[in-house]
Amino acid sequence: MQRATREQLLEQGTLLTYPPHRALLHQGDDSRHVLLITSGVVKVVASAESGYDMLLAIRIAGDLVGEMAAFEERPRSGTVIACSEVTARVIQVGALEAFLSRHPDAMRAILHMLSARLRWANRRRLDFKAYDSLTRLARVLAELGQAYAQTVPDSDGKRCDLGVTLTQKELASLAGLKLNTAEKSLAALTAQGLVERNYRSITICDVPELLRFAKLLADNPY
């Protein structure tokens, strides 16, 4: 997306600030606006009628959320929750569609974003059948690291902080694992020196080695 287009997009809608743990969007709601995250981190969570909650995705500054329900004119499929203080542009879908029609480069950026999210979902489906639990968790951590992590200074790029606060239950959701299986897998990755754990925070100790272990060195186009 061109810089001028990006600046114009950041002028769309209304800028709002949300405190940590506030729900920005609610599952089942019929509202027709999207949120362009300008700072902070949010989680997208889906709840089943049985009461089971599943973490679907993490979104950060620059990401668009709520676009599926808005474009499809269907109820929202998940709840978006602020992990920290979050600022976002609230843009009505009609205004966004008009903006995209005037700016093809912005439309291409949106399509690229949607394709990347579909690729993530497809990869998780493939992982479920193709890899054991340890490898599946390693792949999720490696991909989260590639997308969101901050490199630790003076580590030659090998160490990075994951950059988002996640519980083991949420990691289990992303990897499609039961909680006890995810706990054992995370302990095994820690024992191998690939990651370090603190309270809800994870440091990747050796990014190249984790990518190798997770079999992510070669991109799989499937």
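Computed from a predicted structure; not experimentally measured.

Draft legend 1. Broad picture of the sheet that holds strand 9 (residues 150–151). The 4 strands lie next to each other as 9-10-12-11, forming an open sheet whose pairing is antiparallel. If you trace the sheet from one side to the other, it starts and ends with strand 9 and strand 11 (195–198), each paired once. Relative to strand 12 (residues 201–204), strand 11 runs antiparallel, the two sharing 4 bridges. What sits directly across from R197, in strand 12, is I202.

Draft legend 2. Focus on the packing of helix 3 (residues 93–102) against helix 4 (residues 104–130). Their axes nearest at 5 Å, the elements helix 3 and helix 4 cross at an angle of 115 degrees. One element, helix 3, and the other, helix 4, form an angle in the roughly perpendicular class. Between helix 3 and helix 4, the contacting residues are F99, L100 and R102 on the first element and P104, A106, M107 and I110 on the second. Partitioning the contact of helix 3 with helix 4 into residue classes produces 6 nonpolar, no polar and 1 charged.

Draft legend 3. Structural context of the environment of S39. Its location among the elements puts S39 in strand 3 (residues 33–39). In the structure, S39 is positioned 118 residues away from G157 in sequence and 24 Å away in space, judged by C-alpha atoms. If we skip the residues at most four places from it in the chain, S39 touches A61, E85, V86 and T87. Here T87 takes part through its side chain, which lies 2.5 Å from a polar atom of the side chain of S39.

Draft legend 4. Spotlight on the pattern of salt bridges. A complete count under the given rule lists 9 salt bridges for this structure. Residue E196 is joined to R159 by a salt bridge in which the shortest nitrogen-to-oxygen separation is 3.2 Å. Residue E196 is located in strand 11, and its partner R159 is located in the loop between strand 9 and strand 10 (160–161); the two are separated by 37 residues in the primary sequence. Classification of R159 as partly exposed rests on a relative accessible area of 27%. Of the charged contacts in the structure, one is a salt bridge between R212 and E209, with a shortest N-O distance of 2.6 Å. Residue R212 and its partner E209 are located together in helix 8 (residues 207–213), separated by 3 residues, close to a single helical turn. You can call E209 partly exposed: its relative accessible area is 29%. Each of R123, R124, D127, R139 and E143 takes part in a single network of salt bridges with overlapping partners.

What counts as what
- Residues numbered from 1 in each chain as written.
- Predicted model: local features only at pLDDT ≥ 70, side-chain atom pairs only at ≥ 80, totals over all residues.
- Heavy atoms only, no water.
- Pairing = 2+ DSSP bridges.
- Helix = DSSP H or I, 4+ residues; strand = E, 2+ residues; numbered from the N terminus.
- Axes fitted to C-alpha atoms, helices over the stretch in contact; angles between N-to-C directions.
- Parallel < 35°, antiparallel > 145°, perpendicular 65-115°, else oblique.
- Contact = heavy atoms within 4.5 Å.
- Nonpolar A, V, L, I, M, F, W, Y, C, P; charged D, E, K, R; others polar.
- Polar contact = N/O pair within 3.5 Å; in protein donor to acceptor, adjacent residues only side chain to side chain.
- Salt bridge = Lys/Arg side-chain N within 4 Å of Asp/Glu carboxyl O.
- Buried < 20%, exposed > 50% of the residue type's maximum accessible area, 1.4 Å probe, protein only.

Keep in mind that these numbers describe shape and distance, not what the molecule does.
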